[in-house]
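# Coordinate inspection notes
The primary structure of each chain is shown beneath.
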Amino acid sequence: MTEEIHTGACLCGTVIFRTRGALRGVIYCHCSQCRRQSGHFVAATSIADERIEIDGGEAITWFAASAEARRGFCSRCGSLLFWKHRDLDSISVMAGAFDKPTGFKSDCHIFVADKGDYYGIADGLPQHAQSTDAIVVAGD
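Okay, so let's go over this structure. Positions within a chain are numbered from 1, following the residues in the order the chain's sequence is written. Local features in this predicted model are restricted to residues of pLDDT 70 or higher, and side-chain atom pairs are both shown and tallied only at a pLDDT of 80 or more, whereas totals for entire chains, interfaces and linings draw on every residue. Based on all heavy atoms of the structure, the side-chain values leave hydrogens and waters out of the count.

On to the overall build of the chain, then. Scanning the chain for helices and strands turns up one helix and 10 strands. Going along the chain from the N terminus, every DSSP run of H or I of four or more residues is numbered as a helix, and every run of E of two or more is numbered as a strand. For the chain, the α and β elements follow one another from N to C terminus as β-β-β-α-β-β-β-β-β-β-β. Between the two quantities, the radius of gyration covers C-alpha atoms and the globule rule is 2.2 Å times the number of residues to the power 0.38. Here the C-alpha atoms of the chain give a radius of gyration of 15 Å, agreeing with the 14 Å that 2.2 N^0.38 yields for 140 residues. Residues counted as buried form 41% of the 140 residues belonging to the chain. Taking as baseline every contact in the chain between residues at least 6 positions apart, the subset at least 24 positions apart corresponds to 56%. Values of accessible area rely on a 1.4 Å probe in the Shrake-Rupley scheme; residue burial ignores everything except the protein chains shown. If you sum the accessible surface of the chain, you get close to 7700 Å²; carbon and sulfur atoms cover 50% of it. Taken together, the 14 basic and 17 acidic charged side chains of the chain have centroids lying 4 Å from each other. Each residue is assigned to one of three classes by its accessible area relative to the maximum for its type, calculated with a 1.4 Å probe on protein chains only: buried under 20%, partly exposed between the two thresholds, exposed over 50%. Here a residue-residue contact requires only that any non-hydrogen atoms of the pair lie within 4.5 Å. In this count, Lys and Arg are taken as positive residues and Asp and Glu as negative ones, while His and the chain termini are left out. All charge positions are set by atom: Lys at NZ, Arg at CZ, Asp at CG, Glu at CD.

What follows is the structure, given as structure tokens:
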């Protein structure tokens, strides 16, 4: 059986990544931190740290958004790429940074109680006011 491979990059192409193996379903996060950094909400998947290779890592700026997690973006073009919890051996990767076709499936929405007041969510996916026990998040 062939191992699942996905590639992606930031907008300017300075940071390039490659994942090996299955990725988590896409989670849509509507928390205030994701909204403020992205300008809307974030769509991210996740993979074990040892299953991702990053070229151009020196161009990633890591912002400690909380005591528990940091957000990685390209220092050249500003593309939001990663979210990393200090206690996890996995990294969240922004779904939109992957090259198509991805074959990704949407999983759920989290922090919908904190979502922007200018849009609705009507895609039929599960919606959680905060998060779920299965999804480790950082405090706002």
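By definition, a salt bridge exists where a carboxyl oxygen of Asp or Glu is found within 4 Å of a side-chain nitrogen of Lys or Arg. Under the counting rule described, the total for this entry stands at six salt bridges. In this structure, Glu3 engages Arg51 in a salt bridge whose closest nitrogen and oxygen atoms are separated by 2.3 Å. With Glu3 in the segment before β1 (5-9) and Arg51 in the loop between β4 (42-48) and β5 (52-55), this residue pair connects regions lying 48 residues apart in the sequence. You can call Arg51 partly exposed: its relative accessible area is 25%.

What follows is about the packing of aromatic side chains. Aromatic pairing here means that ring centres of Phe, Tyr or Trp (its six-membered ring) are within 6.5 Å. Orientation follows from the plane angle: under 30 degrees is stacked, over 60 is edge-to-face, and everything else is tilted. If you walk through the whole model with that rule in mind, you get seven aromatic pairs. Relative to Tyr119, the ring of Phe41 lies with its centre 5.7 Å away and its plane at 40 degrees, an arrangement referred to as tilted. Taken together, the residues Phe41 in the loop between α1 (32-38) and β4 and Tyr119 in the segment after β10 (106-110) connect sequence positions 78 residues apart. The class for Tyr119 is buried, based on a relative accessible area of 15%. Residues Tyr118 and Tyr119 carry aromatic rings whose centres are separated by 4.9 Å and whose planes lie at 65 degrees to one another, so their mutual orientation is edge-to-face. An aromatic cluster is built from Phe17, Trp62, Phe82, Phe98 and Phe104, whose rings are joined through pairwise contacts.

Here we come to the nonpolar core. The term nonpolar core refers to a set of buried residues drawn from Ala, Val, Leu, Ile, Met, Phe, Trp, Tyr and Cys, joined through side-chain atoms within 4.5 Å. By size, the foremost hydrophobic cluster in this structure holds 20 residues, and its most contacted members are Val15, Phe17, Ile52, Leu81, Phe82 and Val93. Secondary-structure elements contributing two or more residues to this core are β3 (26-29), β8 (80-85) and β9 (90-94). Cys34, Met94, Cys108 and Ile135 belong to the second largest nonpolar core, which has 14 residues in total.

Grid points spaced at 1 Å and placed over the protein atoms alone form the basis of the search, with a cavity being a set where a 1.4 Å probe fits but cannot get out and a pocket an open set showing protein on both sides within 12 Å along at least five of seven lines. Lining residues have an atom within 4 Å of a point. Grid points are joined across faces, edges and corners, and a volume is the space filled by probe spheres set on the points. When its volume is computed, the largest pocket comes out at roughly 410 Å³. Looking at the largest pocket, it is lined by 25 residues, and the ones nearest its centre are Trp83, Ser92, Ile135, Val136 and Val137. Elements with a contribution of two residues or more to the lining of the largest pocket: β3, α1, β4, β9 and β10. The dominant element in the lining of the largest pocket, judged by the number of residues it contributes, is β9, at four residues. Under the grouping applied here, Gly and all other residues not named as nonpolar or charged are polar, the nonpolar ones being Ala, Val, Leu, Ile, Met, Phe, Trp, Tyr, Cys and Pro and the charged ones Asp, Glu, Lys and Arg. Class assignment of the residues belonging to the lining of the largest pocket gives a composition of 17 nonpolar, four polar and four charged.

Here the focus is the sheet that holds β5. Strands sit in the order β1-β2-β5 across an open sheet of three strands; the sheet is antiparallel. With partners counted over all chains shown, the strands left at the sheet margins are β1 and β5, one partner each. Put simply, the sheet's adjacent strands are angled 15 degrees from each other on average, direction ignored. Paired strands, in this sense, are two strands between which DSSP finds at least two bridges. Angular values range over 0 to 180 degrees, each being the angle between N-to-C directions of two axes fitted as lines to C-alpha atoms, with helices fitted over their stretch in contact.

Taken across its six residues, β8 has six buried, putting it largely inside the fold. Bridge analysis of strand β7 (residues 69-74) against β8 gives five bridges, and the strand direction is antiparallel. For Gly72, the partnering residue across the bridge sits in β8 and is Phe82. Connecting the antiparallel pair β7 and β8 is a turn made up of five residues, with Gly78 showing a positive phi of about 85 degrees.

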